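A closer look at the structure
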Amino acid sequence: MADGQEVETRAKFREMLEGSKDDWDIIAEHSRHFNKGLAGRVIDHLKLLDGDFGGFPVDRLTHSLQTATRAHRDGRDEEYVVCALLHDIGDTLGSFNHPDVAAAILKPFVSEANHWMVANHGMFQGYYFFHHLGLDRNMRDQFRDHPHFEYCAQFCHLYDQSAFDPDYQSEPLDFFVPMVERVFSRPKNSMYLRKTEE
Ligand SMILES: [Fe+2]
Ligand SMILES: [Fe+2]
C-alpha cells in the first residue's frame, strides 16, 4: 500500500460452514506467529501482580519471584521453576479459583505431576492458614492417597508458604523470562497439535 502498511491477510468466510483450506492456511499462519508471543503475554500478565499486596507482607509478584527463586536455588528443574513462578498468576482473574487459571495456562507445557501440583496448590496451601479462617486445614486429606499428594505438599511447604519474607533476595523477573520462553515454546499436550508436532 502507498503508506507502506501491508494489508492483513484474512480468511473470507462469514460462517465457518463456508471455510476453505485456504482460509484455514491463513489462520494457521497467523496463529503460528501469535503463539510465539505466548510467553511474553504470560509474563505481561504476571506483572499485574506487582504492587498487589492484598494484606500480605509482600506483593503477589514478589511472592511469585520468591517462590520461583527458592525452587531454583533448591535445584528444581526449569519446568518446575516456571510452575513455581506462575502458580499464582490466576490471582487477577480467578479470585475464587486462582489455581485453576495457572493450571490451565501451564497444562500444554508441563508434566502431569506439575500440572496437578499447580492445580491443587490452593487446597494444600490451606493447610497453613485455613484454620485461621474457620476452614478445615486438612481439606487436602481428601487427596491423601493420590500419587502426587506428597509432591504438592512439598511444593507448598518448601517454596509457597515460605515465600512471604520481605527480606529475602529473589532473582528479578528477567532472570526467569528465558525459562518461561523455553517452556512455552514446547507444547506437548494440546488438541491442536498434529501427531507430527508432538
Ligand atoms: Fe496460590
Ligand atoms: Fe503462592
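The structure displayed is predicted, hence computed values, not measured ones. (Residues numbered from 1 in each chain as written. Chains lettered and ligands numbered in written order. Predicted model: local features only at pLDDT ≥ 70, side-chain atom pairs only at ≥ 80, totals over all residues. Heavy atoms only, no water.)

1. Brief notes about the overall build of the protein chain
Convention followed: Helix numbers and strand numbers start at the N terminus; a helix is a DSSP run of H or I with at least 4 residues, a strand a run of E with at least 2. Only protein chains enter the accessibility calculation, which uses a 1.4 Å probe; a residue whose area is less than 20% of its type maximum is buried, one above 50% is exposed, and one in between is partly exposed. Contacts were defined at the residue level, with two residues in contact if any of their heavy atoms lie within 4.5 Å. Residue-level accessible areas treat just the shown protein chains as cover; the underlying method is Shrake-Rupley with a 1.4 Å probe.
If you tally the helices and strands in the protein chain, you get eight helices and zero strands. Each helix and strand of the protein chain, ordered N terminal to C terminal, gives the series α-α-α-α-α-α-α-α. If you line up the protein chain on its principal axes, its C-alpha atoms span 60 × 40 × 35 Å. Expressed as a percentage of the 198 residues in the protein chain, the buried residues total 35%. Long-range contacts, defined here as pairs at least 24 residues apart, represent 64% of the contacts in the protein chain between residues at least 6 apart. When the accessible surface of the protein chain is split by element, carbon and sulfur atoms take 53% of a total near 12,100 Å².

2. Quick word on the nonpolar core
Soluble, globular proteins show a tendency: their nonpolar side chains are buried together. Selection criterion: Within this scheme, the nonpolar core is defined by two criteria: the residues are buried Ala, Val, Leu, Ile, Met, Phe, Trp, Tyr or Cys, and they are joined through side-chain atoms within 4.5 Å.
The biggest cluster of nonpolar side chains holds 39 residues, and the ones touching the most others in it are Leu 46, Val 82, Leu 85, Leu 86, Leu 106 and Phe 184. Elements represented by at least two residues in this core include exactly helix H2 (38–46), helix H3 (60–73), helix H4 (78–86), helix H5 (98–106), helix H6 (112–125), helix H7 (149–160) and helix H8 (173–183). With seven residues, the single largest contributor to this core is H4. Setting aside anything within four residues of it in sequence, one finds Leu 106 in contact with Val 82, Cys 83, Leu 86, Val 118 and Phe 184.

3. Description of the UniProt feature "domain: HD" (unreviewed entry) in the protein chain
As a reminder of what qualifies: UniProt positions are given in the numbering used here, feature names are shortened, and annotations may be inferred rather than shown by experiment.
The sites that carry the UniProt feature "domain: HD" (unreviewed entry) are, in the present numbering, residues 60–127. Taken as a whole, residues 60–127 contains 68% helix and 0% strand, while its terminal C-alpha atoms sit 19 Å from one another.

4. As for the environment of Arg 182
What counts is decided by this rule: Contacts described as polar in this section are N or O atom pairs within 3.5 Å, which, within protein, must combine one atom able to donate a hydrogen with one able to accept it, while residues neighboring in sequence count only if both atoms come from side chains.
Turning to its location among the elements, Arg 182 is positioned in helix H8. In sequence terms Arg 182 and Arg 194 are 12 residues apart; their C-alpha atoms lie 20 Å from each other. A distance of 2.8 Å separates polar atoms of two side chains, one belonging to Arg 182 and the other to Glu 78.

5. Side note on the coordination of the iron ion (ligand 2)
For a metal bound by four donors in a tetrahedral arrangement, the ideal donor-metal-donor angle is 109.5 degrees, while six donors in an octahedral arrangement ideally sit at 90 or 180 degrees. Put simply, the rule is: In this listing, donors mean N, O and S atoms no farther than 2.8 Å from the metal, or 3.2 Å for Na, K and Ca; water is missing from the atoms, so a site can look incomplete.
Protein-derived coordination of the iron ion (ligand 2) comes from His 63 (NE2), His 87 (NE2), Asp 88 (OD) and Asp 160 (OD), at a distance range of 2.1 to 2.2 Å. Between the iron ion (ligand 2) and the iron ion (ligand 1), both coordinated by Asp 88, there is a metal-metal distance of 3.7 Å. Of this pair, His 63 sits in helix H3 while Asp 160 sits in helix H7, and the two are 97 residues apart along the sequence. The pair formed by His 63 and Asp 160 is uniform in burial state, with each residue classed as buried.

6. Details of the packing of H5 against H6
Relative placement of two packed helices is described by the angle separating their axes and the distance separating the axes. Worth spelling out the cut-off: Fitted lines through C-alpha atoms serve as axes, helices being fitted only where they are in contact, and the angles separating the N-to-C directions of these axes extend from 0 to 180 degrees. Any angle that falls under 35 degrees is termed roughly parallel, while one over 145 is termed roughly antiparallel, one within 65 to 115 roughly perpendicular, and all others oblique. The sense of a crossing depends on the near helix, which, turned anticlockwise from the far helix by less than a right angle, makes the crossing left-handed and, turned clockwise, makes it right-handed.
Look at H5 against H6: their axes get within 7 Å of each other, and the N-to-C directions meet at 165°. One element, H5, and the other, H6, form an angle in the roughly antiparallel class. For the pair H5 and H6, the crossing hand works out as right-handed. Contacts from His 98, Pro 99, Asp 100, Ala 102, Ala 103 and Leu 106 of H5 reach H6 at His 115, Val 118, Ala 119, His 121 and Gly 122.

7. Some remarks on the side chain of Gln 125
Mapped onto the elements of the fold, Gln 125 is located in helix H6. Assessed through its relative accessible area of 10%, Gln 125 is described here as buried. Polar contacts involving the side chain of Gln 125 include one to the main-chain amide nitrogen of Gln 161, which spans 3.4 Å. Excluding anything up to four places from it in sequence, Gln 125 contacts Cys 156, Asp 160, Gln 161 and Phe 164.

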